[in-house]
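Analysis of the macromolecular model
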Amino acid sequence: MIFSFSAFAHQRACAWKQRERQSQIASLPAETSEPLSLSEHKIHALSISQLVAQCKSGVVSPSDILLAYAKKALRAHMATNCITDFMFKESLLIPSVANWGPGVDSDTSISDSDSTSERSLMGVPVSIKDTINIAGHDSTISFSRNINKPASTSSSIVSLLQDSGALIHAKTTVPTGLLSIETYSDIFGRTLNPYSRFHTPGGSTGGGASLLACGGSKIEIGTDLAGSARIPAHFCGLWSLKGSAGRFPSWGSRSSLPGAEGVPILSAPMATSLEDLAEFWKRVVIAKPWIYDHTCIPMPWKEVNLRDEGRKLKWGVIWDDGVIPPTPATRRALSMVISALKRQGHEVVDFKPPDIYHGLKLGYQLLFGDGGQQIREALLPSEKLNTPAMSVLGLLSLPRFFKSLLARLTRHLPGWWRRLFGAGDYVAADFYEIMRSRSVCEERRIICARDEYRAAWHEKWISEGLDFVLTVPHAFPALAHDASEKATLMSAGYTFIFSLLDYTAGVLPVTFVDRASDALPLEFFASEQYHRMNGVARTAYTAYDTEDMHGLPLGIQIVGQRLQEEKVLEGMKIIEASLKKQGHVFVPGNLPSPTAWAESPTRLV
């Protein structure tokens, strides 16, 4: 079916895609709707290394594994609306899986000499973000003009996974145009956070985060530009690691900003445990991704074990990105990690890096140097983005002289006006000035400024002798639906800055929001502390409600320098071991069933 570009094309395309997805669900075998059996529960509890070992030795078959995860995936979708394409049957038909037999490739050891011929991910269920190409399936980016335009070839990561024996069983939902910390589109509707139907799982890898948190997949392959995998991991109690450009295969993904190389857009896996995340990263790199992806660096996996060395490490802490300070809940999670590390003898210090806010301004200029043209051209008549993204496009489209006037007025009106109307705000004023289209020469100057900024960070990091940097992944826990209008895209600064730097950055869950411990002080919104905040932060803080957020997950972010993926994974292990010695072990909550949510008008945690 071909959709025209008339005023009704958007609605027709959305309806067609919705019918296609419903048809996929209707055609699923009846057994996928049944509860898991005892043996399936045991399969579902296996780690990646155990799954591969048992699948290769013939203890379990790929079809056994797939059925257990198909049941979980269907329940996850019914609860959260997280899947765009169901590929259960298809996942068993790829040659590496279809030729499975008991005892095939029974040597399950993984070494640097292993390759995909050993099927190093045999039987591992993997879901794929809707932006990543799988031959024969749409990669819509939730733009309706991309519906019914299946990819002719698969992305590099999909080819590697299929050769390795992974079970690619689902594609997952994303927000329209991706530039969102919520996951909603006219095509697929709203995706819900598994811990609360009234909160978002984050974006843009929101569908994958919900599917994982519900146990419907072992690994999600997301993408990360400004935290698109790390923020959903934080919101949904998951583990994720964004590497540096060239370390993880990313070729063959679609973007709403194709060709924008000022800030790298990278594929990034997410997992339900640190053990699985580290094992998956290792097995992908050992499979020599540079054979599949010309953009990958031929850099073999290198073992790092800082724990056995016994060396005490130096951790730098960033408390504030200069735009929105962390809320009490996210600050508490970070403080828990700091306290645990100090008790193990590690050195933890406050780190004052080169001005983060300056770096964020460089990053936003690089992202929107086209003036928003690429995204506008992708939208069909009557198709809209979410409110924060539409606000950015609206700002970009204003005449430059008018934005200069707004910047001057916003920056210099007196304090009493600021208290009344939120004027006198340096952040808003700066963005009125910088958010515009750029010439080639202007963009090259910004790239030079970015490189100087990266150099300043490197010098500061080395001079202070840091091993890692710690910070929050986001100023807030998972936001209520539509609250990103208050938080704005500026709330992604804690993750965006490390994408601009091309640093390795991981997220791991620590604890949950507590309505009492994490509440704002009484009369906070009348306090001098609140009124000293910039306008963006003041508005964002009105979305913080611990009574409503009680029980939502809280994570922290750990950062290493470029191409330090193995070291950052090791740092994550050190953090978890330190927390465990203090009696803090993150255990995912009991998530509600689709039936319970359908019957209950209130949030279940």
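Remember, it's a predicted structure, so these values are computed and weren't measured experimentally. (Residues numbered from 1 in each chain as written. Predicted model: local features only at pLDDT ≥ 70, side-chain atom pairs only at ≥ 80, totals over all residues. Heavy atoms only, no water.)

Attention now goes to the overall build of the protein. Looking only at helices and strands, the protein has 27 helices and 13 strands in total. Judged by the C-alpha coordinates and their principal axes, the protein covers about 75 × 65 × 50 Å. With 605 residues in all, the protein has 60% of them scored as buried. As displayed, the protein has an accessible area near 23000 Å², and 54% of this comes from carbon and sulfur atoms. In the protein, which carries 61 positive and 60 negative side-chain charges, the distance between the mean positions of the two groups comes to 3 Å. (Helix = DSSP H or I, 4+ residues; strand = E, 2+ residues; numbered from the N terminus. Buried < 20%, exposed > 50% of the residue type's maximum accessible area, 1.4 Å probe, protein only. Areas by Shrake-Rupley, 256 points an atom, 1.4 Å probe, with all protein chains shown as cover. Lys, Arg positive; Asp, Glu negative; His and termini not counted. Charge placed at Lys NZ, Arg CZ, Asp CG, Glu CD.)

On inspection of all chains with the given rule, the structure shows 24 salt bridges. Lys302 is the salt-bridge partner of Glu566, the closest N and O atoms lying 3.2 Å from each other. One end of the pair, Glu566, is in helix α26 (residues 565-581); the other, Lys302, is in the loop between α11 (289-292) and α12 (306-309), with 264 residues separating them in the sequence. For Glu566, a relative accessible area of 3% puts it in the buried group. For Lys302, a relative accessible area of 35% puts it in the partly exposed group. The salt bridge involving Asp518 is made with Arg332; its shortest N-O contact spans 2.6 Å. Here Asp518 is found in the loop between β12 (504-512) and α23 (528-532), whereas its partner Arg332 is found in helix α13 (residues 328-343), with 186 residues between them in sequence. (Salt bridge = Lys/Arg side-chain N within 4 Å of Asp/Glu carboxyl O.)

For the rest of this paragraph, the subject is the domain arrangement of the protein. When cut into domains, the protein gives domain 1 (10-100 + 118-291) and domain 2 (370-437). Carbon and sulfur atoms supply 52% of the area that domain 1 and domain 2 bury against each other, a total of about 1100 Å² over both sides. Taken as a group, His10, Phe143 and Arg145 account for 43% of the area that domain 1 buries against domain 2, more than any other trio of residues on that side. On inspection of domain 1 and its partner domain 2, the count reaches zero salt bridges. (Domains from an automatic or database assignment. Buried area = accessible area lost by both parts, 1.4 Å probe.)

As recorded in UniProt, the feature "active site" (unreviewed entry) lies at Lys129, Ser204 and Ser228. The annotated residues occupy 100 residues of the chain but converge on a single region, no pair of C-alpha atoms lying more than 10.9 Å apart. Cross-referencing the annotated residues with the lining of the largest cavity gives Lys129, Ser204 and Ser228. Along the polypeptide, Lys129 turns up in strand β2 (residues 125-129). Excluding anything up to four places from it in sequence, Lys129 contacts Lys171, Thr172, Val174, Ser204, Thr205, Glu220, Ile221, Gly222, Thr223 and Ser228. When near neighbours in sequence (up to four residues on either side) are disregarded, Ser204 contacts Lys129, Thr173, Val174, Pro175, Leu178, Ser180, Thr183 and Ser228. For Ser204, the side chain forms a polar contact with the side chain of Lys129, separated by 2.6 Å. (UniProt positions renumbered as here; feature names shortened; annotations may be inferred. 1 Å grid on protein atoms, 1.4 Å probe; cavity = no way out; pocket = protein on both sides within 12 Å on 5 of 7 lines; lining within 4 Å. Contact = heavy atoms within 4.5 Å. Polar contact = N/O pair within 3.5 Å; in protein donor to acceptor, adjacent residues only side chain to side chain.)

Before going further, it helps to spend a moment on the environment of Ala478. As for its position among the elements, Ala478 is in the loop between β11 (468-471) and α21 (484-487). On the basis of relative accessibility, which here comes to 0%, the residue Ala478 falls in the buried class. For Ala478, the residues in contact, after removing those within four places along its chain, are Asn193, His199, Thr200, Phe235, Met549 and Leu552.

Let us look at empty space enclosed by the protein. Under the criterion given, the structure shown has two cavities of 30 Å³ or more. Residue lining of the largest cavity: 25 residues in total, with Leu178, Leu179, Leu225, Ala226 and Ser228 positioned closest to the centre. Contributing elements (two or more residues each) for the lining of the largest cavity: β6 (219-224) and α14 (356-367). Within the lining of the largest cavity, the residues separate by chemical class into 14 nonpolar, nine polar and two charged. In this structure, the second largest cavity encloses a volume near 40 Å³. In terms of residue count, the dominant contributor to the lining of the second largest cavity is helix α22 (residues 493-501) (four residues). Taken together, the residues of the lining of the second largest cavity sort by class into five nonpolar, two polar and one charged. (Points joined across faces, edges and corners; volume = space filled by probe spheres on them. Nonpolar A, V, L, I, M, F, W, Y, C, P; charged D, E, K, R; others polar.)

This next bit is on α13. In this model α13 runs 22 Å from its N-terminal to its C-terminal C-alpha over 16 residues, within 8% of the 22 Å that 1.5 Å per residue would give. Within the span of α13, buried status applies to Ala329, Thr330, Ala333, Leu334, Met336, Val337, Ile338, Ala340 and Leu341. (Expected span 1.5 Å × (residues − 1).)

To continue, consider the packing of α14 against helix α20 (residues 440-463). Contact geometry for α14 and α20: axes closest at 10 Å, N-to-C directions at 150 degrees. The handedness of the crossing between α14 and α20 comes out as left-handed. Of α20, the residues touching α14 (which contributes Ile356, His358, Gly359, Leu362, Gln365 and Leu366) are Glu443, Ile446, Ile447, Ala449, Arg450, Tyr453 and Trp457. Grouping the constituent residues of the contact of α14 with α20 by class yields eight nonpolar, three polar and two charged. (Axes fitted to C-alpha atoms, helices over the stretch in contact; angles between N-to-C directions. Left-handed = near helix turned anticlockwise from the far one by under 90°.)

If you look at the biggest cluster of nonpolar residues, it comprises 144 residues, and the most contacted ones within it are Leu161, Ile221, Phe280, Trp315, Trp457, Phe498 and Ile575. Composition of this core by domain shows at least three residues from each of domain 1 (10-100 + 118-291) and domain 2 (370-437). Listed in part, the 26 residues of the second largest apolar core include Tyr69, Ala70, Ala170 and Leu211. (Core = buried A, V, L, I, M, F, W, Y, C linked by side-chain atoms within 4.5 Å.)

Looking now at a nonpolar patch on the surface. Residues Phe401, Phe402, Leu405 and Leu409 make up a contiguous nonpolar surface patch of roughly 400 Å² in combined accessible area. Taking relative accessible area as the criterion, Leu405 reaches 43% and is therefore assigned partly exposed. (Patch = residues over 30% accessible without salt bridge, like charges linked within 9 Å, V, L, I, M, F, W, Y side chains within 5 Å.)

Another point: helix α3 (residues 48-57). Residues three or four positions apart in an α-helix share a direction because the helix packs 3.6 residues into each turn. Every buried residue belonging to α3 is among Ile48, Leu51, Val52, Cys55 and Lys56, and all of these are buried. Projected onto a plane normal to the axis of α3, the buried residues spread over an arc of 120 degrees and lie on a single side. Packed against the buried residues of α3 are α2 (38-44), α4 (62-80), β2, β6 and α10 (274-286). Positive backbone phi, at 90 degrees, marks Gly58, one or two positions downstream of α3. (Arc of directions from axis to C-beta.)

Next up on the list: the pairing of strand β8 (residues 266-271). The element β8 is extensively covered by neighbouring structure, given that six of its six residues are classed as buried. Both faces of β8 are covered, namely the face carrying Leu266, Ala268 and Met270 and the face carrying Ser267, Pro269 and Ala271. Across six bridges, the pairing between β6 and β8 is antiparallel. By the bridge assignment for β8, Asp224 is matched with Leu266. (Pairing = 2+ DSSP bridges.)

On to the sheet that holds β11. The sheet built from 11 strands is open, its strands ordered β1-β3-β2-β6-β8-β7-β12-β13-β11-β9-β10 with mixed pairing. Edge positions in the sheet fall to β1 (83-86) and β10 (347-350), since each has one partner strand and no second. Neighbour-to-neighbour, the strand axes of the sheet open up by a mean angle of 30 degrees, direction not taken into account. Of the pairings in the sheet, the one linking β11 to strand β13 (residues 553-560) comprises three bridges and is antiparallel in character. Looking across to β13, one finds that Thr471 is bridged to Gln557. Against the sheet, α22 contacts β6, β7 (239-242), β11, β12 and β13, and its axis sits at roughly 20 degrees relative to β13.

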